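Chains, contacts and geometry: an overview
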Amino acid sequence: MQLTKKINLKLFIPLTLGFTCVALFFAQSQLEIYVILGVYGATLLNLGMLLSVISKIILIGTSVEPVKYSKIMLAITFIGKMAVIFLALSLGVHFMEKRIIIPLLNYVIQIFVLGVSLRRSK
């Protein structure tokens, strides 16, 4: 199932943008706004990569016929996913110091929003 079909975008987009706007409300400078938006972009990329890895693993596990896949590509995607969010949060700590909790909480909320927005397969 494609990502656009698996995620209820009519629910996901307003919720993620709404929570990100709330996070932006707490920014104290233009730089903090850029950091929050950068972490938000990295979060969306991270969640997309997570869904692609998980959907591939589920496809491999539930398929009756053998599925061609590369273990190395799955591992690289998963490591890339971790690197993206680690880099974004590291840069956030560098620029925001103790106020990094704002984009970090937004990241955690985005994970829950994704869980709420997933469509259940029938």
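Source: prediction; values computed, not measured. (Residues numbered from 1 in each chain as written. Predicted model: local features only at pLDDT ≥ 70, side-chain atom pairs only at ≥ 80, totals over all residues. Heavy atoms only, no water.)

1. With respect to the overall build of the protein chain
How we decide: Helix and strand definitions here come from DSSP, where helices need a minimum of 4 consecutive H or I residues and strands a minimum of 2 consecutive E residues; each element is numbered from the N-terminal end. Burial status follows relative accessibility: with a 1.4 Å probe on protein chains alone, a residue under 20% of its type maximum counts as buried, one over 50% as exposed, and anything between as partly exposed. Only heavy atoms enter the contact rule, under which two residues are in contact if any of them lie within 4.5 Å. Working definition of accessibility: Shrake-Rupley area with a 1.4 Å probe, residue cover restricted to the visible protein chains.
The helix and strand inventory of the protein chain stands at five helices and zero strands. Projecting the C-alpha coordinates of the protein chain onto the three principal axes gives extents of approximately 55 × 30 × 15 Å. When each of the 122 residues of the protein chain is scored for burial, the buried share is 28%. Intrachain contacts of the protein chain at a sequence separation of at least 6 include 74% that bridge at least 24 residues. For the protein chain, the computed accessible surface area is about 8,300 Å², with 73% contributed by carbon and sulfur atoms.

2. Here's the deal with the pattern of salt bridges
Definition in use: Every case where a carboxyl oxygen of Asp or Glu lies within 4 Å of a side-chain nitrogen of Lys or Arg is listed as a salt bridge.
Summed over all chains, the structure comprises one salt bridge. Across the salt bridge formed by Glu 32 and Arg 99, the nearest N and O atoms sit 3.1 Å from each other. Taken as a pair, Glu 32 in helix α3 (residues 30–62) and Arg 99 in the loop between α4 (71–96) and α5 (101–117) lie far apart in primary sequence, 67 residues in all. Judged by its relative accessible area of 23%, Arg 99 is partly exposed.

3. Describing the side chain of Thr 16
For Thr 16, the position within the fold is in helix α2 (residues 9–25). Owing to a relative accessible area of 1%, Thr 16 belongs among the buried residues under this scheme. Not counting residues up to four positions away in its chain, the partners in contact with Thr 16 are Tyr 40, Gln 110 and Val 113.

4. A word on the side chain of Lys 81
Within the secondary structure, Lys 81 sits in helix α4. Once you skip the residues sitting within four places of it in the chain, Lys 81 turns out to touch Asn 46, Met 49 and Leu 50.

5. Section: the packing of α2 against α5
The cut-off we apply is this: Comment: axis = line fitted to C-alpha atoms, over the contacting stretch for helices; angle = value between 0 and 180 degrees taken between N-to-C directions. Every angle not falling under 35 degrees, over 145, or within 65 to 115 is termed oblique; those three ranges are roughly parallel, roughly antiparallel and roughly perpendicular. Each crossing gets its hand from how the near helix is turned against the far one by less than a right angle, where anticlockwise is left-handed and clockwise is right-handed. Three residue categories are used. Nonpolar comprises Ala, Val, Leu, Ile, Met, Phe, Trp, Tyr, Cys and Pro, charged comprises Asp, Glu, Lys and Arg, and polar comprises the others, including Gly.
At a minimum axis distance of 10 Å, the contact between α2 and α5 shows a crossing angle of 165 degrees. Judged by the inter-axis angle, α2 sits roughly antiparallel to α5. The two elements α2 and α5 cross, and the hand of that crossing is right-handed. Residue-level inspection shows Leu 11, Phe 12, Leu 15, Thr 16, Phe 19, Thr 20 and Ala 23 of α2 in contact with α5, the latter providing Ile 102, Asn 106, Ile 109, Gln 110, Val 113, Leu 114, Val 116 and Ser 117. Its residues assigned to classes, the contact of α2 with α5 comprises 10 nonpolar, five polar and no charged.

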